[in-house]
Amino acid sequence: GHSHGSRGRRKMNMNEWSMYLHVMGDAFGSALVVGNACVVKYWTDLGTHRFLVDPISSLVMVSIFFVQTVYIIRQTSTILIEAAPSKISATVDTVDALKAEIIKVLGVLNVH
């Protein structure tokens, strides 16, 4: 048999996550357009205040995606400046300690 649990799931890489955000942004934006149009057209009890729904919902959507975009930019920029991954820099104090750990790996002959 097979399982539908989360054990077999892998974490998305940055490209996949960026693509996912793009697609979800398009879908969410389309849903907001339809929802906003319905509010403006049919919820006349709000008077002219109903026209505020569009800019408010747009700001909410932009805020959500801005936070995610900042995360992706930070992750990408650490790769571009060739910084040590956070898992390594949090556990290894010095370059010499890192070299000592790498040389312990089976098959590694030299670290330079």
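Just so it is clear, the structure is predicted and the values come from calculations on it, not from any experiment.

## Re the pattern of salt bridges
According to the stated counting rule, one finds one salt bridge in the structure shown. Put simply, Glu101 and Lys104 hold a salt bridge, and the shortest N to O gap is 3.2 Å. By relative accessible area, Lys104 is classed as exposed at 61%.

## Regarding the packing of aromatic side chains
Scanning the model with the defined rule gives one aromatic pair in all. Summarising the aromatic geometry, the rings of Trp17 and Tyr20 are spaced 5.2 Å apart at their centres and angled 25° between planes, so their arrangement reads as stacked. Taken as a pair, Trp17 and Tyr20 lie in helix H1 (residues 14-42) at a separation of three residues, close to a single helical turn. Accessibility expressed as a relative area gives 37% for Tyr20, which makes it partly exposed.

## Let's talk about the nonpolar core
As a rule of thumb, soluble globular proteins bury nonpolar side chains together. Ranked by size, the top nonpolar core spans five residues in total: Leu21, Leu32, Met61, Phe65 and Ile72. Of all the secondary structure elements, the ones that give two or more residues to this core are H1 and helix H2 (53-80). Of all the elements, H2 adds the most residues to this core, at three residues. Ignoring sequence-local partners within four residues, the contact set of Leu32 consists of Ser57 and Met61.

## Description of the packing of H1 against H2
Viewed as axis vectors pointing N to C, H1 and H2 meet at an angle of 175°, and their least axial separation amounts to 10 Å. Taken together, the axis directions place H1 and H2 in an arrangement best described as roughly antiparallel. Facing H1, whose interface residues are Met14, Trp17, Ser18, Leu21, Met24, Gly25, Phe28, Gly29, Leu32, Asn36 and Val39, H2 presents Val53, Asp54, Ser57, Met61, Phe65, Gln68, Ile72, Gln75, Thr76 and Ile79. Looking at the contact of H1 with H2 residue by residue, the classes come out as twelve nonpolar, eight polar and one charged.

Conventions and cut-offs
- Residues numbered from 1 in each chain as written.
- Predicted model: local features only at pLDDT ≥ 70, side-chain atom pairs only at ≥ 80, totals over all residues.
- Heavy atoms only, no water.
- Salt bridge = Lys/Arg side-chain N within 4 Å of Asp/Glu carboxyl O.
- Buried < 20%, exposed > 50% of the residue type's maximum accessible area, 1.4 Å probe, protein only.
- Phe/Tyr/Trp six-rings, centres within 6.5 Å; stacked < 30°, edge-to-face > 60°.
- Helix = DSSP H or I, 4+ residues; strand = E, 2+ residues; numbered from the N terminus.
- Core = buried A, V, L, I, M, F, W, Y, C linked by side-chain atoms within 4.5 Å.
- Contact = heavy atoms within 4.5 Å.
- Axes fitted to C-alpha atoms, helices over the stretch in contact; angles between N-to-C directions.
- Parallel < 35°, antiparallel > 145°, perpendicular 65-115°, else oblique.
- Nonpolar A, V, L, I, M, F, W, Y, C, P; charged D, E, K, R; others polar.

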